[in-house]
Amino acid sequence: MRCTILLTATCALALSSMAAFAQNDRPRNLILFVPDGMRALMVKPETAPAMAALRDKGVNFANPHSLFPTFTTANASAMATGHYLGDTGDFSNTIYTGYPVANANGTVVPFLQNNAVLGELDEHFGGDFLNEETILKLAREKGYSTAALGKVGPTLIFDHTDRADQPGLHSIVIDDTTGEKNGVPLSQEMKDALTKANLPLVTPSRGESRKAGDFKTPGTLVANVAQQAYFADVTTKIILPMFKARNQPFVLVFWSRDPDGAQHNHGDSLNTITPGINGPTSLAGIRNADDNLTQIRNALDELGLSDTTNIIVASDHGFSTISKESKTSPSTKITYDDTPKGFLPLGFLAIDLAKALKLPLFDPNNKNARVPDNAHPRFGSGLLGANPEKPDVVVATNGGSDLIYLPKKGRQKDRKLAGRIVKALLSQDYVSGIFVENDLGRFPGTLPLSVFNLRGKAVTPHPSIVVSFRSYTSGCDEPTLCTVSVADTVLRQGQGMHGSFSRGDTMNFMAAIGPDFKTGYIDTLPVSNADVGVTAAKLLGLDRKPKGSLVGRVLTEAMPNGVTPKGFTGTIAGPRAANGLRTVLQFQRVLDQRYFDAAGFPGRTVGLPETVKTAGAR
C-alpha cells in the first residue's frame, strides 16, 4: 500500500508539472539573483524593499533551506546542478583535493573562490570536478543566451567547464577578475559594448569594503557599492539589451557579494558579539544588494521583458555573528601575536586535534612547514602526522564547520583513528554535531554523512568527518537574526560567518516571480537550494542526465496548476556518547525529499530544542 501511495503521488506531481508547462510553446527567460548571505527575516520593506516586494507579489518561499555545510561554493554547486553535495563534491569553500594544486601555491586544501583553481580541478577530475552538468551549460548548448556576473568563484561555477578559446557559443562571465590574468576572456562583442557604454574592461576593486581589519583594528564600515554597481550596469546597459536584440530566450545569473561581504568584514563590533551582523554596515550591504535587484527589474520593464522573464531570488546561506570563546580548548592557553588573549585562534581545530592525537602539525599553506607551538597555521588548515606529504589527518578549515579527511588507505586503521578523533571532538565545548563517513562505522555521539546527502557520486575526496561548531543566540525575538556561532576563521569575534548547522545558517532567503509562478502565494513547504537548480532546469526545458541520485525537486506548488504535496517533520539521533552528548538532526520531508533545519547537540545549536524526542538513527 505504501509503495502504491508513493507511486500515485509521484505520478500526480509529474502530470501536474507537465500541465504547468504545456502552455509554454517557447521557454521563458530566467534570472537567478543571489544576494549572498541574505537572511530570510531581514527582508522587510524598510531594509530590502525590492526583495520584499518581489516576495510579496510573487512566491514567498517561507520555509527555505541552505545545504550543509552552509558555504558559498557548496550551495552554488547545488543551485547550478540541482544536486546535493555528496554528488557535486563541493563540500565547502575549502576542500581536500588529494594532490597539490599548482594554482593555489601547491596546497592540497585550496580555497575554491578562484577561477584558476576551478579550472585546474576540472582538468584533474576528468574535465568536470562537480561531475554534474550545470544549468547554464545545458542552456547554452540548447541555444539560450547565457551570462553570469558577480562574486568570483560561485559565478564561474554555473558554467565552469566552458572554454572561451574553443569554437561555439559561450557564456558571458564577468566577476572580480575580469580583465585580469585569471579572468574569463571577454568577447570582442562585449569589449566593444563596454567601450561604447563608457564602462571599463576591468572590474573595479572592492575598495574599502574588502578590509577586514585585525584584532586591534575594526573592519570596513562600507558596503561593496562601486563594484556591484559595475556588475549591475553591465547587466542592465549591455547584456539585457544585447539578449533582447538576439530575440532568443536567455538565462542570467547575478551573484551579489553583498550582504555577505559587509557582514563578514564589518567593523561595527570589534571583539564583541553586539551588534554583530545587525549593525549599520551589514544593513548597508543588504540595501546594496537590494538596489542591484531594483536596477535589474527596472531594466526588464524598460526593455519589455518582464512579462516573459521568471526571476528566482535565492541566497546561498544565512549568517551568524562570530564567537571566539571556549573554556576547554588547549589552543586558548597559548599566546599568539594576532589573537586576543584567551580567544580561539585561527586553526584552533587543527591545533587541538594535533595535541589530542599527539601528532606533529604542518601548514599546507606554508610549503608544509612545521607549525611552531606558539603559532597557528597560516589559513587555519592543517596536516597531522609524521610526514606532511602523506598525512594521517587533514583538517580543511572553513568557518562555522570544518572538514576532516583521513587520506591513508586501510579502513581498520582509519576506524581506530576516527574513534580517537571523535573522542577528542566530544571533549570540546565548541563542537556541536559530528558527522562520520559511513564506511568508518558508527560512533556514539555522531550521525553518518549519508543522512545529510553528503555521500554520493562525487569525484573529489569525500570528507571522513564533518564538524559543526556550537551556536547560541545573543538574545532577540527571532533566534535566526541573532545567532552567534563559534567559527574557525581569520575573522574576529563580532564579525560575521556561516557554515554551521544552526537554523541561523541554514535559513536563507528564497522568493520568485514571473509568468510561470503564482502571484501573492506563500509556500509553507520546505524548499532548498538544490530545488532551485532542478526547478530552473524544468522551467527552461533542459534535458538533464544526472550521474548521481541526490537531487532536489521541482517546486510545482509554486506554479499555476501545480500540485501541492504534503510535508512532514521528524528527527533522527545518533546514540549517546559516554558524556551524554549525541548528534541530533531536525528535518522536514516532502515525499522522499529531506530538508535539514538544524543538527548538532541539543542545547548547543540554534534551531534544536534542548530536549528532543527522536526516532533514532537509521
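Provided above is the structure to which this section pertains.
Scope of this entry: the structure provided in the associated data block.

Definitions and limits used
- Residues numbered from 1 in each chain as written.
- Predicted model: local features only at pLDDT ≥ 70, side-chain atom pairs only at ≥ 80, totals over all residues.
- Heavy atoms only, no water.
- Salt bridge = Lys/Arg side-chain N within 4 Å of Asp/Glu carboxyl O.
- Helix = DSSP H or I, 4+ residues; strand = E, 2+ residues; numbered from the N terminus.
- Buried < 20%, exposed > 50% of the residue type's maximum accessible area, 1.4 Å probe, protein only.
- Expected span 1.5 Å × (residues − 1).
- Polar contact = N/O pair within 3.5 Å; in protein donor to acceptor, adjacent residues only side chain to side chain.
- Pairing = 2+ DSSP bridges.
- Axes fitted to C-alpha atoms, helices over the stretch in contact; angles between N-to-C directions.
- Contact = heavy atoms within 4.5 Å.
- Disulfide = S-S within 2.5 Å.

Tallying each qualifying case throughout the model produces 17 salt bridges. Here E189 makes a salt bridge to R246, at a shortest N to O gap of 3.2 Å. One end of the pair, E189, is in helix α8 (residues 188-196); the other, R246, is in helix α9 (residues 225-246), with 57 residues separating them in the sequence. With relative accessibility at 31%, the residue R246 sits in the partly exposed group.

Another point: helix α15 (residues 529-540). Counted at 1.5 Å a residue, the expected span for α15 with its 12 residues is 16 Å, and the 17 Å between its end C-alpha atoms agrees. For α15, the tally of buried residues reaches 11 of 12 residues, placing the bulk of the element in the interior. Among the residues of α15, N529, A530, D531, V532, G533, V534, T535, A536, A537, L539 and L540 are the ones counted as buried. Sitting at the head of α15, S528 places a side-chain oxygen 3.2 Å from the backbone nitrogen of A530. Looking at the residues trailing α15, positive phi occurs at G541, about 70°.

Time to look at the sheet that holds strand β5 (residues 172-175). The strand order across the open sheet built from 8 strands is β5-β4-β6-β1-β7-β20-β2-β21, with neighbouring strands paired in mixed fashion. At either end of the open sheet lies a strand with only one pairing partner, and these are β5 and β21 (521-523). In this sheet, neighbouring strand axes are inclined to one another by 10° on average, regardless of whether the strands run parallel or antiparallel. Here strand β7 (residues 309-314) runs beside strand β20 (residues 510-513); their pairing, made up of 4 bridges, is antiparallel. Pairing of A314 across the sheet is with M510, part of β20. The strands that helix α2 (residues 49-57) touches are β1 (29-35), β2 (59-61), β7 and β20; relative to β20, the one it contacts most, it runs at about 65°. Against the sheet, α9 contacts β4 (145-150), β5 and β6 (250-256), and its axis sits at roughly 180° relative to β6.

Attention shifts here to the state of the cysteines. What makes a disulfide is a covalent bond joining the sulfur atoms belonging to two cysteines. This structure, assessed with the given rule, holds 1 disulfide. The disulfide that involves C476 links it to C482, with 2.1 Å between the sulfurs. Because the sign of the S-S torsion sets the handedness, a value of about -90° for the bond joining C476 and C482 places this disulfide among the left-handed ones.

Another point: the sheet that holds strand β24 (residues 584-590). Adjacent strands of a sheet pair through backbone hydrogen bonds, lying either parallel or antiparallel. Taken in spatial order, the 3 strands make up an open sheet running β23-β24-β25, and their pairing is antiparallel. The two strands at the open ends of the sheet, each matched to only one other strand, are β23 (567-573) and β25 (593-600). Looking at each pair of strands side by side, their axes are set apart by 20° on average, direction ignored. With 7 bridges connecting them, β23 and β24 associate as antiparallel partners. Counted as the bridge partner of F568 is R589 from β24.

So, about unusual backbone geometry. With omega at 10°, the peptide bond leading from D258 into P259 counts as cis. By secondary structure assignment, the location of P259 is in the loop between β6 and α10 (260-265). The step from T274 to P275 runs through a cis peptide bond, and the omega angle for that step is 0°. Even without glycine at this site, N271 takes up a positive phi of about 65°. Inspection of the secondary structure assignment puts N271 in the loop between α10 and α11 (280-303). The backbone of L591 sits at a positive phi, close to 55°, despite the residue not being glycine. Within the fold, L591 resides in the loop between β24 and β25.

Inspection of the secondary structure puts S326 in the loop between β8 (320-323) and α12 (348-357). For S326, the side chain forms a polar contact with the main-chain nitrogen of T328, separated by 3.2 Å. A distance of 3.1 Å separates a polar side-chain atom of S326 from the backbone nitrogen of S329. Residues within four places of S326 in sequence aside, it is in contact with T332, L344, D429 and Y430.

Moving on, we come to α11. With 24 residues, α11 extends 35 Å from end C-alpha to end C-alpha; this agrees with the ideal 34 Å at 1.5 Å per step. Following α11 by one or two positions, G304 adopts a phi angle in the positive range, close to 70°.

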